[in-house]
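# Reading the structure
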Amino acid sequence: MINTLASCEWIKKSQPLCLIGDSGTGKSHMLIALGTEAAMQGYRVRYTLATKLVNELVEAADEKQLNKTIARYGRVDLLCIDELGYMELDRRGAELLFQVLTEREEKNSVAIASNESFGGWTKTFTDPRLCAAIVDRLTFNGIIIETGTDSYRLASTRARAEAPAKTG
């Protein structure tokens, strides 16, 4: 599946990609790797954390620069949004993020990484209708990959702790 995604056909087709799983399961790593591969193939790619994007949108709205900022995010071929679902967004922030997703819908790809399943997104997007609309935009004609619950970092730490100590 990852090799297929690395071909970037999904970006050509303007499909969304959702990487869903617990912390430490490789979502961010895959998001960055796929974004890097897309950039190497000539696509315009932008990577951002969800909270950073929302903060930038709020500041742009306050400075009467929202349309320009949304247009800038709308122009890239692939927008990678990491850590969606880690923090609750207020209504204004969620509405601004919705505007970015709507601007990109079926025109340019978006890839997100989230530690929360779609059913749990009501904690991030507290308005149920807005939450449903965001999930709808991110899943329509999209690719969903569940990375699971087993943390690679935790497994690696346990393996090092259990390995016999080397004596020299």
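Residues numbered from 1 in each chain as written. Predicted model: local features only at pLDDT ≥ 70, side-chain atom pairs only at ≥ 80, totals over all residues. Heavy atoms only, no water.

### Points about unusual backbone geometry
Residues other than glycine predominantly adopt negative phi, and peptide bonds predominantly adopt the trans conformation. Its identity is not glycine, yet Glu-83 carries a phi of approximately 65°, on the positive side. Counting through the fold element by element, Glu-83 comes out in strand β3 (residues 78–84). Exposure remark for Glu-83: the relative accessible area of 35% places this residue in the partly exposed category. Its identity is not glycine, yet Asn-141 carries a phi of approximately 60°, on the positive side. (Helix = DSSP H or I, 4+ residues; strand = E, 2+ residues; numbered from the N terminus. Buried < 20%, exposed > 50% of the residue type's maximum accessible area, 1.4 Å probe, protein only.)

### Considerations on the sheet that holds strand β1 (residues 17–21)
Spatially, β2-β3-β4-β1-β5 is the arrangement adopted by the five strands of the open sheet, whose pairing is parallel. The open sheet is flanked by β2 (45–49) and β5 (143–148), the only strands paired with a single partner. Each strand axis lies, on average, 15° off the axis of its neighbour in the sheet, ignoring direction. Running over the sheet, helix α6 (residues 91–104) touches β3 and β4 (109–114) and is turned about 150° from β3. (Pairing = 2+ DSSP bridges. Axes fitted to C-alpha atoms, helices over the stretch in contact; angles between N-to-C directions. Contact = heavy atoms within 4.5 Å.)

### Some details on helix α7 (residues 128–139)
Its twelve residues give α7 an end-to-end C-alpha distance of 16 Å, which sits within 8% of 16 Å, the value for a rise of 1.5 Å per residue. Every buried residue of α7 is listed here: Leu-130, Cys-131, Ala-133, Ile-134, Val-135 and Leu-138. In this fold, the buried residues of α7 make contact with β1, β3, α6 and β4. For α7, the N-terminal cap is Asp-127; the gap from its side-chain oxygen to the backbone nitrogen of Arg-129 is 2.8 Å. Just beyond α7, the residue with positive phi is Asn-141, at close to 60°. (Expected span 1.5 Å × (residues − 1). Polar contact = N/O pair within 3.5 Å; in protein donor to acceptor, adjacent residues only side chain to side chain.)

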